[in-house]
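Structural overview for review
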Amino acid sequence: MGKILFTGAAGQLGAELIAELRHRHGVDSVLATDIRAAEGILKEGPFELLDVTDEEAIRAIIKKHDISQIYHLAALLSAKAEKDIPLSRKLNIGSLHHVLNAARDLNIERVFWPSSIAVFGPDAISNGTPQNSPCNPTTVYGINKLTGEQWCAYYHRVFGVDVRSLRYPGLIGYKTLPGGGTTDYAVDIYHKALAGEPFSCFLQADTMLPMMYMEDAINATLKLMDAEPEKLSIRTSYNVAGMSFNPAQISDSIRKHIPDFSITYEPDYRQNIADSWPNSIDDSTARADWGWKPSYNLTAMTKDILEKLPGYFPVLSENL
Ligand code: AKB
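Residues numbered from 1 in each chain as written. Predicted model: local features only at pLDDT ≥ 70, side-chain atom pairs only at ≥ 80, totals over all residues. Heavy atoms only, no water.

The environment of the ligand is formed by L77, S78, S116, I117, Y141, G181, T182, T183 and W277. In the environment of the ligand, an oxygen atom lies 2.6 Å from a nitrogen or oxygen atom belonging to the side chain of S78. Classifying every residue of the shell around the ligand gives 4 nonpolar, 5 polar and no charged. When we break the shell around the ligand down by domain, the ones giving at least three residues each are domain 1 (3-169 + 212-239) and domain 2 (174-211 + 243-279 + 296-319). (Near = heavy atom within 4 Å. Polar contact = N/O pair within 3.5 Å; in protein donor to acceptor, adjacent residues only side chain to side chain. Nonpolar A, V, L, I, M, F, W, Y, C, P; charged D, E, K, R; others polar. Domains from an automatic or database assignment.)

Turning our attention to the sheet that holds strand β10 (residues 209-213). A sheet is described by the order of its strands in space; here 3 strands give the open sequence β7-β10-β12, paired in mixed fashion. Looking at which strands have only one partner, the edges of the open sheet turn out to be β7 (170-172) and β12 (243-245). Put simply, the sheet's adjacent strands are angled 45° from each other on average, direction ignored. In terms of strand pairing, β7 meets β10 through 3 bridges, oriented parallel. By the bridge assignment, L171 is partnered in β10 with M212. Helix α6 (residues 185-195) rests against β7, β10 and β12 of the sheet, and its axis sits at about 25° to β7. (Pairing = 2+ DSSP bridges. Helix = DSSP H or I, 4+ residues; strand = E, 2+ residues; numbered from the N terminus. Axes fitted to C-alpha atoms, helices over the stretch in contact; angles between N-to-C directions. Contact = heavy atoms within 4.5 Å.)

So, on to the side chain of E48. With respect to the helices and strands, E48 occurs in strand β3 (residues 47-49). A residue is classified by how much of its surface remains accessible, and E48, at 19% relative accessible area, is buried. A polar contact of 2.7 Å, which involves the side chain of E48, links it to the side chain of K64. In terms of polar contacts, E48 uses its side chain to reach the side chain of H65, at 2.6 Å. Those residues in contact with E48 that sit more than four places away from it in its chain are L31, A32, T33, D34, I61, K64 and H65. (Buried < 20%, exposed > 50% of the residue type's maximum accessible area, 1.4 Å probe, protein only.)

Spelled out as structure tokens, the structure:
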């Protein structure tokens, strides 16, 4: 097998997936790339600067490093995408085309591309949203994700590109500080709680959203990428679920460890984005096809983060 290429490596998901894959296959087997210089663990292995809107630059890196798998994570998250439609199209959709074309032309064995629960809009069944629920997203980010899913399915069907995808819920980890997402409040809240500060939440207390602890997200991603191709009945993107909660419930779970923690609610434009997304997700197809099963609920995640975060110096990230 050749090397594994990551784009958007400095993001919330990239940094942790890279650490796990380097642990499994050796440091030199994973090439991290990002538009920003390497920080933190990304300095501990091969790294190149890469602007994924430059198709030739992607192809040059693939050839130079003998790449056989690609995790294409570079993207603007939902809140940022709403503020810059041209950049979000160029980055979230344009670069996906560059990667899919390169995968087709340069014999890449496998590609991973992240989708999101943002593909679902207000028409979707909001509790236990099924895999094939009507989508009709109303956000810039969701429109791009739904488009990207269809392109992945097309490249698989027509060109045989083995591209795989998950519809991630809000991802919660403590090793990076996400920037630009609607579900980011559920990461920031732990940092404020541990600093002994009150938290001002940009969503209302009862805004229920699907979420997933980073450990589960890493596990789901690598399980999907390791699955035999014949097992995969979905070539757009798989629903995956971890837990669902609202801001009031996560603050209650923190208060069990930090009784003085306080939260106030000041909803902004991100409330509309959150209101258009499901409350909870049905992931039975992922469970049946490749054995997906989450391990963390809200109680277990809060305990783990509050124990481990104090020893960490998270890096700011704006990709998935
Ligand atoms: C975001 O909030 O933009 C992301 C997502 C749900 O895709 N975390």
